[in-house]
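Single-letter residue listing:
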Amino acid sequence: MKTNYFFKAFFLFSFLTLISIQAQERHYYQTDFSIQDFNERRAKIFDAIGTNGIALIQGARSVDGFEALRQTNTFYYLTGIETGHAYVLFSGKRKTTTLYLPHRDIGRERSQGKILSAEDTEIIIKLTGVNQVKAIEFLSSDLAGSGLIKDGVSILYTPLSPAETGTDSRDELVHGHARAASDPWDGQASRESHFKKLLNERFPQFVIKDLSPTLDDMRLIKSKKEIEIIRKATQIAGLAIIEAMKSTKAGVYEYQLAAAAKYIFYQHDAQGDAYPAIIGGGTNAFMGHYFHKTDVLKNGDLVLMDYAPDYKYYTSDVTRIWPVNGKFDKAQTALYEYIIAYKDALFKYIKPGVTSNEVLDNAAADMKEYLKGKTFANPNHLKAVQKGVKFRGHFQHPVGMGVHDVGRVRGKLLKEGMVFTIDPMIWIPEERLYVRIEDVALVTATGVENMSAFVPTTIKEIEKTMKEKGITEFRPAEKLPLKN
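This one's a predicted model, so the numbers in the text were calculated from it and none came from an experiment.

Analysis parameters
Residues numbered from 1 in each chain as written. Predicted model: local features only at pLDDT ≥ 70, side-chain atom pairs only at ≥ 80, totals over all residues. Heavy atoms only, no water. Phe/Tyr/Trp six-rings, centres within 6.5 Å; stacked < 30°, edge-to-face > 60°. Lys NZ or Arg CZ within 6 Å of the ring centre and 35° of its normal. Buried < 20%, exposed > 50% of the residue type's maximum accessible area, 1.4 Å probe, protein only. Helix = DSSP H or I, 4+ residues; strand = E, 2+ residues; numbered from the N terminus. Pairing = 2+ DSSP bridges. Core = buried A, V, L, I, M, F, W, Y, C linked by side-chain atoms within 4.5 Å. Contact = heavy atoms within 4.5 Å. Axes fitted to C-alpha atoms, helices over the stretch in contact; angles between N-to-C directions. Parallel < 35°, antiparallel > 145°, perpendicular 65-115°, else oblique. Left-handed = near helix turned anticlockwise from the far one by under 90°. Nonpolar A, V, L, I, M, F, W, Y, C, P; charged D, E, K, R; others polar. Salt bridge = Lys/Arg side-chain N within 4 Å of Asp/Glu carboxyl O. Polar contact = N/O pair within 3.5 Å; in protein donor to acceptor, adjacent residues only side chain to side chain.

**Q** I keep staring at the packing of aromatic side chains and nothing clicks. Help me out?
**A** Aromatic ring pairs are defined here through the distance separating the ring centres and the angle between the ring planes. Inspection of every chain in the model, using the stated rule, returns 15 aromatic pairs. With 6.3 Å between their ring centres and 65 degrees between their planes, phenylalanine 33 and phenylalanine 38 make a pair best called edge-to-face. Sitting above the plane of the tyrosine 77 ring, arginine 41 keeps its charged end 4.0 Å from the centroid.

Structural data, given as structure tokens:
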């Protein structure tokens, strides 16, 4: 009996210890991608750099204050490591991957929890599948050794495009760097430019080449696991928009709809938002990327919402537009039905082996037929939809780790695993009126999946949804009572 009790107790202790270790690992290392997933990605890096090349990738810098660190998308994509000031080196000749990390900061761990460091070699190799883990001070000597003539390594690849972190998308980062460069009182170089300068100064034997195109092509085709995460991000985005629809009425503020949506994000394990909420009532929507959210919603106006979560380093991009009072009027109905018809026409032609231009051409031909016999409230509305037929921006950008993800889908043959947005839109400048919706398209083996199709889209679906009660009843914002 005593022996049996001992084994039961030992088994229980072992089981609880395993659960505890797994719980700890979930705090300091991701659990979404396997070592095999990372090895497959790294193998593509080795193929790209060849035997006479090395690749060096810089992670995010540590954050100041109480902000949580968000690793760069590229570094996370290749390692899953969320430690600041980390580097990863790929040796094309040896086919090895080495992580370089700072030393343990005991004080910081005491207040923030476990942070993987150079002292965690065994656990990091077990978690990530890299070959070696070293302290950051060894990086210079290893680079010097790689550049020796006997090793035959002459090319160092590193990403030269801006690194995305959190709510960043590369297109916006590039414009931001350009604005900084034009400021004579700022004008500081980008982190990538500074990194390249240091490499050139310290290791002139290397020819520096850009790894960004290789990484962009890799990230353009999503794996099954990535698609699973993007699908969940899309579901969260859709549920958030539905909640905002239910909370809409005249007198509610734009920012209150953002609050309803963000509540849904956090309820479903999102890290926050992937970009500032775009919520524009009336003519505010005309600006396209209106982030201020300070105005009250008015009866008779439409309100546009474009919002998605930051979920496990991935996101989505869903947009809907609906009437503040819950009922489309006649003029709004004609314009909105045109947008829905265009969306259906675009999805009709998406499949592997065609290009975005073919999709746009075929959809435009369908829309010319659609417009025959259609009437609109006034000539300006008709002119807008006729221009919309010719507009080429309805087929938009990739979606993945960034809302405007890296890589190109325009002008390329579509392939299974591509994820991008379909974004039919029209502008009526005479009324400062803008109408659009946005859905997330996944190219499948035989066609396309609209990942956001469940979000209310038709007039009947939207008006029905808006009659439902939301999780909160918003009232016009009032001043907080102040007590002496």
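**Q** It is not clear to me how the pairing of strand β11 (residues 419-422) should be interpreted in this structure. Could you clarify?
**A** Consecutive side chains of a regular strand alternate in pointing toward one face of the sheet and then the other. Along β11, one buried face is formed by Val419 and Thr421 and the opposite face, lined by Phe420 and Ile422, is buried too. Here strand β10 (residues 395-398) pairs with β11 via 2 bridges, running antiparallel. Bridge pairing in β11 links proline 398 to phenylalanine 420. As judged from the 4 bridges shared by β11 and strand β14 (residues 439-443), these two strands associate in the antiparallel manner.

**Q** Honestly, the nonpolar core in this entry has me stumped. Any pointers?
**A** Nonpolar side chains tend to gather and get buried jointly when the protein is soluble and globular. By size, the foremost hydrophobic cluster in this structure holds 120 residues, and its most contacted members are Trp322 and Phe420. A total of 11 residues in this core trace back to one element, the largest contributor, which is helix α12 (residues 330-348). Setting aside chain neighbours within four positions, we find phenylalanine 420 in contact with Ile350, Phe395, His397, Pro398, Val399, Val409, Leu414, Asp439, Val440, Ala441 and Val443. In terms of nonpolar packing, the next biggest core, distinct from the first, is built from 14 residues, Ile54, Leu56, Leu199 and Phe203 among them.

**Q** Mind showing me how you'd approach unusual backbone geometry here?
**A** The bulk of non-glycine residues show a negative phi, and the bulk of peptide bonds are trans. Phi is positive for lysine 293, close to 60 degrees, though the residue is something other than glycine. Structurally, the position occupied by lysine 293 is in the loop between β7 (278-281) and β8 (302-306). Backbone geometry places tyrosine 313, a non-glycine residue, at a positive phi of 75 degrees. Tyrosine 313 gets classed as buried once you look at its relative accessible area, which sits at 2%.

**Q** I keep staring at the sheet that holds strand β1 (residues 53-58) and nothing clicks. Help me out?
**A** Strands pair in a sheet through their backbones, by hydrogen bonds, and they do so in one of two ways: parallel or antiparallel. The strand order across the open sheet formed by 6 strands is β4-β3-β2-β1-β5-β6, and the pairing between neighbours is mixed. In this open sheet, the two strands that pair with only one neighbour each are β4 (132-135) and β6 (207-210). Geometrically, the sheet is characterised by an average inter-axis angle of 25 degrees between neighbouring strands, direction not taken into account. Taken together, the 5 bridges between β1 and strand β2 (residues 87-91) define a ladder with antiparallel strand orientation.

**Q** What exactly am I supposed to notice about the packing of α12 against helix α13 (residues 356-371) here?
**A** Between two packed helices, the angle of one axis relative to the other and the distance separating the axes together describe the packing. At a minimum axis distance of 8 Å, the contact between α12 and α13 shows a crossing angle of 140 degrees. Our classification of the angle between α12 and α13 gives oblique. Between α12 and α13 lies a crossing whose hand is right-handed. Where α12 approaches α13, its residues Glu337, Tyr338, Ala341, Tyr342, Ala345, Leu346 and Lys348 are matched on the opposing element by Val359, Leu360, Ala363, Ala364, Asp366, Met367, Tyr370 and Leu371. For the contact of α12 with α13, the residue count by class is 12 nonpolar, no polar and 3 charged.

**Q** What am I meant to see in the pattern of salt bridges here?
**A** Charged atoms that come close allow side chains of opposite charge to pair. Here the structure, examined in full by the defined rule, presents 28 salt bridges. The residue arginine 436 makes a salt bridge to aspartate 423 at a minimum N-O spacing of 3.1 Å. Of this pair, arginine 436 sits in strand β13 (residues 433-436) while aspartate 423 is found in the loop between β11 and β12 (425-428), placing the two residues 13 residues apart along the sequence. Here arginine 436 and aspartate 423 have matching classes, each one buried.

**Q** It is not clear to me how the side chain of arginine 170 should be interpreted in this structure. Could you clarify?
**A** You can see arginine 170 is positioned in helix α7 (residues 170-181). Within the local environment of arginine 170, its side chain forms a polar contact with the side chain of aspartate 216, the two groups lying 2.7 Å apart. Contact partners of arginine 170, with chain neighbours within four places excluded, come to Ser161, Pro162, Glu164, Ser212, Asp216, His404 and Val406.

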